[in-house]
Amino acid sequence: MKTIDELLAEGVAGKRVFVRADLNVPLDGTTITDDGRIRAVRPTVSALAAAGARVVVASHLGRPKGAPDPAFSLAPAAARLGELLGSEVAFATDTVGESARATVAALTDGQVAVIENLRFNAGETSKDDTERGAFADQLAELADLYVGDGFGAVHRKHASVFDLPARLPHAAGGLIATEVGVLKKLTEDVARPYAVVLGGAKVSDKLGVIDHLLEKADRILIGGGMAYTFLKAQGHEVGISLLQEDQVPAVQGYLKRAEELGVEFVLPVDVLVAHEFPDLKTKAPAHPTTVAADAIPADQEGLDIGPATRELYAAKLADAATVFWNGPMGVFEHPDYAEGTKAVAQALVDSPAFSVVGGGDSAAAVRILGFDENAFGHISTGGGASLEYLEGKTLPGLAALED
């Protein structure tokens, strides 16, 4: 896999370089609430521009239905990228149309442009190879070289991720190189003890990675909404908590297999419960109560791990040499249910372990809760991509960058 350093050494001055970034940032209207992914790709864009390239940045944002939708415009991300670069970034109001062609044609050496949301074109995500390829052909007309640096999208077989690199000389950007290097530390010659913390809403989203990590991890800590399916699998009642009843047999199988392999599964011993889900807009006080994990009232739902569980999880992480964390411990967006997620983050900060925060909501939580990103070994920009890599899957976007 050619690196951006090799590409820069060959010379990029005057060449149009298509950078497939991941600018899929959360928005409140047109306000970016977490610019972590934009900051992550800035070094690659900056290096190319400094070397005299004419940089064309492209990304998706959200899930528009293959047609323009103002709610998913990349305009705010383009403006923020310009602020981070300290120079104006041109913005094309379409992907491969008149605006994109004119905007790219107007670039001079060292200038940067962002084209509109790739998913405004149905060809980007099409499962039809011909339709996807046709869109990739149009994108290829905008550039001379391709740099893949959108790690959060490399698990997708999309036109700009998978098909476009086959049409242009290509290299991996600095972010992708860093992400892959970090993930290799979680899969090859791992420093032990190796602890994995998994949270989030649905256990079904994590089954593949659990299956794979049972062969690698020393202990697995479970929190978030998925914990209640595990508690149910142990025979406990979970009230009106989030539950995937159809996954209970699979979870029971994993618990049994973990016991056979000597992998420690750590589940909540207490939880915060309430009669209803909290109001995340007003952040009105929720007044939760703490109950034992095996004593959740029938008319209440668990929304965070309790204080005893926080202490237990911190103790289980204290002696780890490697930690991978993906998924919050509760509804961290509400202050009454943020303490579990905060406790895990603090445990990683306090631990000497090489810690990886696996993207998605976990990465957002770290920033929203006020932690210094530099206190962690690595904060990934791609939750889904990280999980699929750890499952041992071939990621289309990485395969496409191989020589």
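Structural data are supplied above this passage.
This structure is a prediction, so every number in the text was calculated from the model and none was measured. (Residues numbered from 1 in each chain as written. Predicted model: local features only at pLDDT ≥ 70, side-chain atom pairs only at ≥ 80, totals over all residues. Heavy atoms only, no water.)

Peer 1: Explain the overall build of the chain to me, please; I cannot follow it from the model alone.
Peer 2: Check the secondary structure of the chain and you find 15 helices and 17 strands. Computed over C-alpha atoms, the radius of gyration of the chain comes to 22 Å, within 12% of the 22 Å expected from 2.2 N^0.38 for 403 residues, which places it in the range of a compact globule. With the C-alpha coordinates of the chain rotated into their principal frame, the extents come out at 65 × 45 × 40 Å. Looking at the 403 residues of the chain, the share that counts as buried comes to 54%. Sequence separation of 24 or more characterises 76% of the internal contacts of the chain that already satisfy a separation of 6 or more. As displayed, the chain offers around 16,300 Å² of accessible surface, 49% of which is attributable to carbon and sulfur atoms. On the chain, the mean spot of the 35 positive side-chain charges and the mean spot of the 56 negative ones are 3 Å from each other. (Helix = DSSP H or I, 4+ residues; strand = E, 2+ residues; numbered from the N terminus. Rg over C-alpha atoms; globule rule 2.2 N^0.38 Å. Buried < 20%, exposed > 50% of the residue type's maximum accessible area, 1.4 Å probe, protein only. Contact = heavy atoms within 4.5 Å. Areas by Shrake-Rupley, 256 points an atom, 1.4 Å probe, with all protein chains shown as cover. Lys, Arg positive; Asp, Glu negative; His and termini not counted. Charge placed at Lys NZ, Arg CZ, Asp CG, Glu CD.)

Peer 1: It is not clear to me how the packing of helix α7 (residues 174-185) against helix α14 (residues 383-390) should be interpreted in this structure. Could you clarify?
Peer 2: When two helices pack together, their arrangement is given by the angle between the helix axes and the distance between those axes. Taken N-terminus to C-terminus, the directions of α7 and α14 make an angle of 40 degrees; their axes are 11 Å apart at the nearest point. Between α7 and α14, the angle is such that the two are oblique. As α7 packs across α14, the resulting crossing turns out to be right-handed. Only Ser386, Tyr389 and Leu390 of α14 make contact with α7, whose side of the interface consists of Val180, Leu183 and Lys184. (Axes fitted to C-alpha atoms, helices over the stretch in contact; angles between N-to-C directions. Parallel < 35°, antiparallel > 145°, perpendicular 65-115°, else oblique. Left-handed = near helix turned anticlockwise from the far one by under 90°.)

Peer 1: Even after reading the chapter, I still don't get the nonpolar core, so can you show me in this structure?
Peer 2: Note on soluble globular proteins: their nonpolar side chains tend to be buried together. Ranked by size, the top nonpolar core spans 71 residues in total, and within it Phe18, Ile115, Ile210, Ile220, Ile222, Phe230 and Phe265 carry the most contacts. Dropping the residues within four chain positions of it, Ile210 is found in contact with Leu198, Met226, Phe230, Tyr254 and Phe265. The next biggest cluster of nonpolar side chains, apart from the first, holds 27 residues, and it includes Leu7, Val17, Val57 and Ala77. (Core = buried A, V, L, I, M, F, W, Y, C linked by side-chain atoms within 4.5 Å.)

Peer 1: Would you mind showing me how to read the environment of Pro268 here?
Peer 2: Mapped onto the elements, Pro268 comes out in the loop between β11 (264-266) and β12 (270-274). Residues Pro268 and Ala400 lie 132 residues apart in sequence; the distance between their C-alpha atoms is 41 Å.

Peer 1: Explain the layout of surface pockets here, please?
Peer 2: One simple way to see leftover space: roll a probe sized like a water molecule over the atoms. What the second largest pocket holds in volume is close to 300 Å³. Around the second largest pocket sit 13 residues that line it, and Thr125, Ser126, Lys127, Arg156 and His158 are the ones nearest its centre. Class assignment of the residues belonging to the lining of the second largest pocket gives a composition of one nonpolar, five polar and seven charged. (1 Å grid on protein atoms, 1.4 Å probe; cavity = no way out; pocket = protein on both sides within 12 Å on 5 of 7 lines; lining within 4 Å. Points joined across faces, edges and corners; volume = space filled by probe spheres on them. Nonpolar A, V, L, I, M, F, W, Y, C, P; charged D, E, K, R; others polar.)

Peer 1: Help me understand empty space enclosed by the protein, please; the structure alone is not making it clear to me.
Peer 2: Throughout the structure, instances matching the rule amount to one cavity of 30 Å³ or more. Surrounding the largest cavity, Arg20, Tyr146, Gly148, Asp149, Gly150, Ala153, Val154, Val161, Ile176, Gly397 and Leu401 form its lining. A per-class count over the lining of the largest cavity returns six nonpolar, three polar and two charged.

Peer 1: Would you explain the sheet that holds strand β9 (residues 194-198) in this entry?
Peer 2: Strand pairing in a sheet relies on backbone hydrogen bonds. The paired strands run either parallel or antiparallel. In space, the six strands of this open sheet follow the order β11-β10-β9-β15-β16-β17, with parallel pairing throughout. Single-partner strands in this sheet number two, and they are β11 and β17 (378-379). Bridge count for β9 against strand β15 (residues 322-326) is five bridges, and the pairing is parallel. In the strand pairing of β15, Ala195 is matched with Val323. (Pairing = 2+ DSSP bridges.)

Peer 1: Any chance you could explain helix α13 (residues 360-368) here in plain terms?
Peer 2: An α-helix turns once every 3.6 residues. As a result, residues three or four positions apart point the same way. Within α13, burial applies to Ser362, Ala363, Ala364, Ala365 and Val366. Buried residues belonging to α13 abut β15, α12 (339-350), β16 (354-357) and β17. The first or second residue beyond α13 is Gly370, which carries a positive phi of 90 degrees.

Peer 1: Help me out: how do you make sense of the sheet that holds strand β6 (residues 112-114) in this one?
Peer 2: Overall, parallel pairing links the six strands, which are arranged β5-β6-β4-β1-β7-β8 in an open sheet. Strands at the two margins of the open sheet, each flanked by one partner only, are β5 (89-91) and β8 (170-172). Here the strands of the sheet are splayed against their neighbours by 25 degrees on average, with no regard to which way each runs. Relative to strand β4 (residues 54-58), strand β1 (residues 16-20) runs parallel, the two being bridged by five bridges. What sits directly across from Val17, in β4, is Val55.

Peer 1: Help me understand the packing of aromatic side chains, please; the structure alone is not making it clear to me.
Peer 2: Between two aromatic rings, the relevant description is the distance of the centres plus the angle of the planes. For the coordinates displayed, the defined rule picks out three aromatic pairs. Aromatic side chains Phe18 and Tyr146 sit 6.0 Å apart centroid to centroid with 10 degrees between the ring planes, which places their arrangement in the stacked category. Highlighted residues: Phe18 in strand β1 and Tyr146 in strand β7 (residues 145-148), separated in sequence by 128 residues. A relative accessible area of 2% places Tyr146 in the buried class. (Phe/Tyr/Trp six-rings, centres within 6.5 Å; stacked < 30°, edge-to-face > 60°.)

Peer 1: Looking at this model, I keep getting lost on a positive patch on the surface. Mind explaining?
Peer 2: A cluster of like positive charges, contributed by Arg63, Lys65, Lys127 and Arg156, occupies part of the molecular surface. For Arg156, the location among the structural elements is in the loop between β7 and α6 (159-163). (Patch = residues over 30% accessible without salt bridge, like charges linked within 9 Å, V, L, I, M, F, W, Y side chains within 5 Å. Salt bridge = Lys/Arg side-chain N within 4 Å of Asp/Glu carboxyl O.)

Peer 1: What is the right way to read helix α3 (residues 75-85) from this model?
Peer 2: For α3, the full list of buried residues reads Pro76, Ala77, Ala78, Leu81 and Gly82. Residues of α3 that are buried make contact with β2 (27-28), β3 (31-32), α2 (36-50), β4, β5 and β6. Downstream of α3 by a residue or two, Gly86 has a phi angle that is positive, lying close to 75 degrees.

Peer 1: Looking at this structure, how should I read the environment of Leu145?
Peer 2: Within the secondary structure layout, Leu145 lies in strand β7. Taking relative accessible area as the criterion, Leu145 reaches 8% and is therefore assigned buried. Separated by 250 residues in sequence, Leu145 and Leu395 have C-alpha atoms that sit 21 Å apart.

All we've got here are geometric facts, nothing functional implied.
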